[in-house]
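# Residue-level structure breakdown
As a plain string of letters, each chain reads:
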Amino acid sequence: MAHKTPVSVLYELCAKVGLPDPRFVDLSKNQKEFECGVEAFGYRKRSSGDSYKNAKQNVAKKLLDILERDRIDLREDIEKISGKFHNHVGVLIDKCIKLHLPRPRFVVVEQNLNRITINCIVGDYKAYATEFSAKHAKDASAKAMLDRLANNQLEQQVIPLFKGPQRIFLNVDGDRYNSARKLLENVPESANKQKLLKDICEMLDIPVKSYKIDTKDGTQDIIEITCKITYIQKGDKAKICSEILNYLQELLLKDD
């Protein structure tokens, strides 16, 4: 749905709060310099444009920006009328599901008559926001968390490693993951597999090194790849820790 024009929003806002319509005045000096003034909510503002129509929209937007900044009692109405409100909470929840991150939690940190501060928590990460209402503070903290996830390059693809009641995933950066997929989709049979593995690991930012070890059965080649994994299991924290320990015991203590 297209956003309404600033002039339409200003008219609807005045009607909603029971004030007279905004008064627009043509202040243009000639047909090359277009200027418009507006009076509403006790403010008088003026703005210019390349036409009177654009000058009128510009001055309406200028006044709406001032009202949104200074009149916290009008912000929600302005957002509803203009359709500007973004549901960052929903976007964050979808992102966490996609990345197999914990569901975000929202905790009120401080509250007074005019301001409320909410802390958005995703795992070990926290992002604060202070706004004039709980709804806006929650949404702003969700946006701050989305920005933090992006800035910390936590927006990762998770690649399933094993199937079973528990799920174990390899975590890699999303852009790197897509680049590696494209490379692997076009691998010729004659490709140098050792070089390809090195290139793919570098692309995924996964450390890889190769070396030899001497065993009772002779010399063996070792390829060592170090990466971060995510372990997901339904249940409470104690049960999950127990399951992870069981998995590590099977992995580390099994007989060769």
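Note that this is a predicted model, so its numbers are computed, not measured. (Residues numbered from 1 in each chain as written. Predicted model: local features only at pLDDT ≥ 70, side-chain atom pairs only at ≥ 80, totals over all residues. Heavy atoms only, no water.)

### Notes on the confidence of the model for the chain
Chain-level statistics for the chain give a pLDDT mean of 78 and a share of 78% at 70 or above. Considering each helix and strand of the chain separately, the mean pLDDT is smallest for strand β7 (residues 156-162), with a value of 48, and largest for strand β1 (residues 23-26), with 95. Long-range and interchain partners of residues 153-159, a stretch whose pLDDT sits below 50, account for 32 contacts in this model, where long-range means more than four residues apart. (pLDDT = per-residue confidence, 0-100. Helix = DSSP H or I, 4+ residues; strand = E, 2+ residues; numbered from the N terminus. Contact = heavy atoms within 4.5 Å.)

### A word on the environment of I200
Along the chain, I200 turns up in helix α7 (residues 193-203). Here I200 falls in the buried class, since its relative accessible area comes to 9%. Put simply, I200 and L183 are 17 residues apart on the chain and 7.9 Å apart in space, counted from C-alpha to C-alpha. For I200, the residues in contact, after removing those within four places along its chain, are A180, L183 and L184. (Buried < 20%, exposed > 50% of the residue type's maximum accessible area, 1.4 Å probe, protein only.)

### Brief notes about α7
For α7, the set of buried residues is L196, I200 and C201. Along the long axis of α7, the arc covered by the buried residues comes to 130°, so they all point the same way. Between the side-chain oxygen of the N-cap and the backbone nitrogen of K195 there are 3.1 Å, and the N-cap of α7 in question is N192. Residue D205 follows α7 closely and has a positive phi angle near 60°. (Arc of directions from axis to C-beta. Polar contact = N/O pair within 3.5 Å; in protein donor to acceptor, adjacent residues only side chain to side chain.)

### Considering the sheet that holds strand β4 (residues 105-111)
Reading across the sheet, the three strands line up as β4-β5-β6 and stay open at both edges, with antiparallel pairing between neighbours. With partners counted over all chains shown, the strands left at the sheet margins are β4 and β6 (125-131), one partner each. In this sheet, adjacent strand axes meet at a mean angle of 25° when their direction is disregarded. Relative to strand β5 (residues 116-122), β4 runs antiparallel, the two being bridged by six bridges. Bridging across to β5, F106 finds its partner in C120. (Pairing = 2+ DSSP bridges. Axes fitted to C-alpha atoms, helices over the stretch in contact; angles between N-to-C directions.)

### Notes on the nonpolar core
In globular proteins that are soluble, nonpolar side chains generally tend to be buried together. L10, L13, F24, F41 and L67 are the most contacted members of the largest nonpolar core, which totals 19 residues. At the level of secondary structure, the elements contributing two or more residues to this core comprise α1 (6-16), β2 (34-40), α2 (52-70) and α3 (75-82). Counting residues per element, this core draws most heavily on α2, at six residues. Each residue touching L67, except ones within four places of it in the same chain, is listed here: L10, L13, F41, Y43, L74 and I78. Within the second largest apolar cluster, eleven residues are counted, among which are I93, C120, A127 and M145. (Core = buried A, V, L, I, M, F, W, Y, C linked by side-chain atoms within 4.5 Å.)

### Regarding the pairing of β6
As paired strands, β5 and β6 are joined by seven bridges and run antiparallel to one another. Within the sheet, the bridge partner assigned to T117 lies in β6 and is T130. Here β5 folds back onto β6 in antiparallel fashion, the turn holding two residues, of which G123 has a positive phi close to 65°.

### Some words on the sheet that holds β1
The three strands lie next to each other as β1-β2-β3, forming an open sheet whose pairing is antiparallel. The sheet is open, and its two edges are formed by β1 and β3 (43-49), each paired on a single side. Neighbour-to-neighbour, the strand axes of this sheet turn through a mean angle of 20°, independent of strand direction. In terms of strand pairing, β2 meets β3 through seven bridges, oriented antiparallel. Looking across to β3, one finds that C36 is bridged to S47. Its contacts with the sheet place α2 against β1, β2 and β3, and it is angled at close to 140° to β3.

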